[in-house]
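Structure at a glance
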Amino acid sequence: MSGPEHFRLSTDDLPILNRQDAIREYFGRMLQRMDYETNDERGMWLKAEAWLLPGISIGRSTYTPLEIERTSELLQDGRDDVMLCKLPSGGRIWLPDGTEVEVAPGDFVLAALNYRLHM
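Residues numbered from 1 in each chain as written. Predicted model: local features only at pLDDT ≥ 70, side-chain atom pairs only at ≥ 80, totals over all residues. Heavy atoms only, no water.

**Overview of the overall build of the chain**
- Secondary structure summary: the chain contains 2 helices and 10 strands in total.
- Ordered by position from N to C terminus, the α and β elements of the chain give β-α-β-β-β-β-α-β-β-β-β-β.
- Expected size for 119 residues packed as a compact globule is a radius of gyration near 14 Å; at 14 Å, the chain falls within 12% of this value.
- Taken along the three principal axes of its C-alpha coordinates, the chain extends 40 × 40 × 30 Å.
- Counting the 119 residues in the chain, one finds 34% classified as buried.
- When contacts within the chain are restricted to residue pairs at least 6 apart in sequence, those whose partners lie at least 24 apart make up 54%.
- Counting every atom, the chain has about 7900 Å² of accessible surface; 52% of that belongs to carbon and sulfur.
- Measuring between centres, the 13 positive side-chain charges of the chain sit 4 Å from its 20 negative side-chain charges. (Helix = DSSP H or I, 4+ residues; strand = E, 2+ residues; numbered from the N terminus. Rg over C-alpha atoms; globule rule 2.2 N^0.38 Å. Buried < 20%, exposed > 50% of the residue type's maximum accessible area, 1.4 Å probe, protein only. Contact = heavy atoms within 4.5 Å. Areas by Shrake-Rupley, 256 points an atom, 1.4 Å probe, with all protein chains shown as cover. Lys, Arg positive; Asp, Glu negative; His and termini not counted. Charge placed at Lys NZ, Arg CZ, Asp CG, Glu CD.)

**Observations regarding the pattern of salt bridges**
- As enumerated under the stated definition, the model contains 4 salt bridges in all.
- The salt bridge partner of Asp12 is Lys47, with a shortest N-O separation of 3.5 Å. On the criterion of sequence distance, the pair formed by Asp12 in the loop between β1 (5-10) and α1 (19-32) and Lys47 in strand β3 (residues 46-53) is long-range, its members being 35 residues apart.
- Asp12 sits in the partly exposed class, given a relative accessible area of 39%.
- With a shortest N-O distance of 3.3 Å, Arg92 and Glu100 are connected by a salt bridge.
- Judged by its relative accessible area of 44%, Glu100 falls in the partly exposed class.
- Within the structure, one salt-bridge network assembled from shared partners comprises Arg8, Glu49 and Arg60. (Salt bridge = Lys/Arg side-chain N within 4 Å of Asp/Glu carboxyl O.)

What follows is the structure, encoded as structure tokens:
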């Protein structure tokens, strides 16, 4: 019996000019089915590691401040996933009804993936 599928992604391994595109297209849209944006003047930076198991994935990552959203286009895939994550620096979540929720540093968030998150 083999173990879980494991992958690592680091923008440190990519040319600076390709980093943002790699995060948005590969990590965001293909793996997580999310759209990533940043307002950080340094651009996007990410180190991620994940273990893929049947029906669940477990991962950890560090990154520049990001806005993550399941756009209406991405929501058309019909996935009803949820995500549990710890936000070491805190952040904000905008619920589908427009309600904004402030997340304190170090708090955990359990959310359906039909939201916008700033972390």
